[in-house]
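# Secondary and tertiary structure notes
Here are the chains, one letter per residue:
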Amino acid sequence: MGKNTRKRCKKFRTWAPGKVMLLGEHAVVYGYSCLSFAIDKGVTVTISKEESDRITSDVADTRFTIAARETFRHYFSQHSPVSISIKSDISGFGLGSSSAVTVAIVSAMMGIHGIPWSFDTIFEIAYQAVKSVQKNASGYDVATSLYGGMIEFNGETKKVKQLPVSTFPFLVGFTGYKADTSQLVEDVSQKRKANKEAVDTIFADISRLVDNGKKALLQKDWVSLGKYMNENQQLLEHLGVSTPVLDAIIKRVKESVFGVKIAGAGGGDCIIALIKKKEKKNTIKAMEESGAKNLPMTISPKGVHLI
Ligand code: PMV
């Protein structure tokens with residue numbers, strides 16, 4: 001669709017990817033860095049100017065949609081009514097549909113109002129919108145959906161470093177259980193209040209794994225990266241965010257992979273395994289026998305863009 005057509009149609013369509021956390025969840029909420037990547041599955045948002053506001057969405061939770069629309073309006077003092085239509089192929093897995101929806105809407109709202117895109121501005125608005133719903137979010141998922149590819153996200157400065165990693169041997173498995181990220185972050189916060197020194201030591205250890213994991217990833221040193229993932233998993237278990245279901249899946253999958261861990265807040269959602277290519281079939285079998293569904297995906301080199 002050319003620029004002129006877009007203007008005439010007064011319609012903007014954006015696509016934003018979901019994400020997977022490789023290393024560093026929870027610690028990133030306390031200002032440490034994490035490694036995450038965008039996936040080739042995500043959400044498509046179509047926005048047009050209409051007589052009155054309308055939302056049609058196949059994402060059941062519309063809080064992020066409304067937050068994105070209203071935060072944009074407040075930021076730019078633009079209040080014309082819009083129709084927002086959302087199609088998602090990642091809802092309910094913990095693969096970042098909320099942040100992808102937010103990023104896609106803010107970008108499309110900017111487009112339809114003729115405001116040039118700037119990643120800093122999109123991040124600022126989208127992160128503010130996400131935080132209005134989930135106050136303790138680090139913003140790593142917004143950044144991943146925005147930039148695409150593999151990123152290192154600094155939880156304190158919110159700065160993004162794009163890493164030259166277009167692919168690596170991984171599998172993602174869905175536990176069948178949707179996690180409540182806000183609750184899990186709150187649980188960790190309570191645990192830290194009760195035992196600050198121990199929890200801060202865990203975060204510092206996770207941070208070292210992120211630094212070492214980044215080096216291993218860039219060197220394609222899968223043995224080391226797998227070891228760091230396993231160590232990260234142990235620390236997440238100490239934080240109390242794993243569950244018996246996750247533990248059982250991870251124990252079974254671990255037999256055939258370099259490393260395996262929770263891919264996000266814990267409590268359910270997905271696991272990520274760094275696989276041995278020759279063992280791929282066995283790993284998928286182990287996942288499925290232990291109750292996790294293999295979700296085929298690749299890294300998306302692209303973040304949010306017009307389609
Ligand atoms: O459940 P997810 O994929 O949104 O991951 C949450 C990661 C946390 O570090 C626990 C929260 C955050 O906002 O960084």
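Structure first, text after, so check above.
Not measured: the values here are computed from a predicted model. (Residues numbered from 1 in each chain as written. Predicted model: local features only at pLDDT ≥ 70, side-chain atom pairs only at ≥ 80, totals over all residues. Heavy atoms only, no water.)

## A look at the sheet that holds strand S7 (residues 170-174)
- Read across the sheet, four strands follow the order S8-S9-S7-S10 without closing on themselves; strand pairing throughout is antiparallel. Where the open sheet ends on each side, the last strands, each with one partner, are strand S8 (257-262) and strand S10 (293-294).
- Where S8 meets strand S9 (residues 270-275), five bridges bridge the pair, whose relative direction is antiparallel. Considered in S9, the bridge of Gly259 is made with Leu274.
- Sheet strands in contact with helix H8 (residues 222-239) are S8 and S9, and its direction is about 30° off that of S8.
- Where helix H9 (residues 244-253) meets the sheet, its contacts fall on S8 and S9, and the angle it forms with S8 comes to roughly 170°. (Pairing = 2+ DSSP bridges. Helix = DSSP H or I, 4+ residues; strand = E, 2+ residues; numbered from the N terminus. Contact = heavy atoms within 4.5 Å. Axes fitted to C-alpha atoms, helices over the stretch in contact; angles between N-to-C directions.)

## With respect to the site of the ligand
- As a matter of local geometry, the ligand sits amid 13 residues, with Lys19, His26, Ser138, Tyr140 and Thr181 nearest to it.
- The side chain of Lys19 places a nitrogen or oxygen atom 2.3 Å from an oxygen atom of the ligand.
- Contacts to the ligand include Ala265, whose backbone N or O atom sits 3.2 Å from an oxygen atom.
- Compared with its free state, where it exposes 380 Å², the ligand has 95% of that area covered by protein.
- A molecule is said to occupy a pocket when more than half its atoms come within 2 Å of that pocket's grid points, and by this definition the ligand occupies the largest pocket. (Near = heavy atom within 4 Å. Polar contact = N/O pair within 3.5 Å; in protein donor to acceptor, adjacent residues only side chain to side chain. Areas by Shrake-Rupley, 256 points an atom, 1.4 Å probe, with all protein chains shown as cover. 1 Å grid on protein atoms, 1.4 Å probe; cavity = no way out; pocket = protein on both sides within 12 Å on 5 of 7 lines; lining within 4 Å. Sits in = over half its atoms within 2 Å of the grid points.)

## What about a nonpolar patch on the surface?
- A contiguous nonpolar patch, built from Trp117, Phe119 and Leu306 and spanning about 220 Å² of accessible area, is present on the exposed surface.
- As for its placement among the helices and strands, Trp117 is situated in the loop between helix H3 (97-112) and helix H4 (119-133). (Patch = residues over 30% accessible without salt bridge, like charges linked within 9 Å, V, L, I, M, F, W, Y side chains within 5 Å. Salt bridge = Lys/Arg side-chain N within 4 Å of Asp/Glu carboxyl O.)

## Structural notes on H3
- For H3, built from 16 residues, the straight-helix expectation of 22 Å at 1.5 Å per residue is met to within 8% by its first-to-last C-alpha distance of 22 Å.
- For H3, the tally of buried residues reaches 15 of 16 residues, placing the bulk of the element in the interior.
- Positive backbone phi, approximately 70°, marks Gly114, located one or two places after H3. (Expected span 1.5 Å × (residues − 1). Buried < 20%, exposed > 50% of the residue type's maximum accessible area, 1.4 Å probe, protein only.)

## Quick word on the packing of aromatic side chains
- Evaluated as defined, the whole model comprises twelve aromatic pairs.
- Taken together, the ring pairs in this structure connect Phe37, Phe168, Phe170 and Trp222 into an aromatic cluster.
- The positively charged end of Lys276 is found above the aromatic ring belonging to Phe258, 5.4 Å away from the centroid. (Phe/Tyr/Trp six-rings, centres within 6.5 Å; stacked < 30°, edge-to-face > 60°. Lys NZ or Arg CZ within 6 Å of the ring centre and 35° of its normal.)

## What about the packing of helix H2 (residues 63-76) against H3?
- For the pair H2 and H3, interaxial distance at closest approach is 9 Å and the crossing angle is 35°. Seen along the crossing, H2 lies across H3 with a hand that is right-handed. The segment H2 lies against H3, with Phe64, Thr65, Ala68, Arg69, Phe72, Arg73 and Phe76 engaging Ser98, Val101, Thr102, Ile105, Val106, Met109 and Met110.
- Looking at side-chain class alone, the contact of H2 with H3 contains nine nonpolar, three polar and two charged residues. (Left-handed = near helix turned anticlockwise from the far one by under 90°. Nonpolar A, V, L, I, M, F, W, Y, C, P; charged D, E, K, R; others polar.)

## Focus: the layout of surface pockets
- Here the largest pocket is characterised by a volume of approximately 730 Å³.
- Taken together, 41 residues make up the lining of the largest pocket; nearest its centre are Ser98, Gln134, Asp141, Lys178 and Thr181.
- Mapped onto the lining of the largest pocket, the elements with two or more residues apiece are strand S1 (11-23), H2, H3, H4, helix H5 (140-147) and helix H6 (181-194).
- The leading source of residues in the lining of the largest pocket is H3, at four residues.
- By residue class, the composition of the lining of the largest pocket is 18 nonpolar, 15 polar and eight charged.
- Along its surface, the second largest pocket is lined by 22 residues, and Thr167, Phe168, Pro169, Phe170 and Lys277 are the ones closest to its centre.
- For the lining of the second largest pocket, the secondary structure elements donating two or more residues are S7 and helix H7 (196-218).
- Looking at the lining of the second largest pocket, its residues break down into 15 nonpolar, four polar and three charged. (Points joined across faces, edges and corners; volume = space filled by probe spheres on them.)

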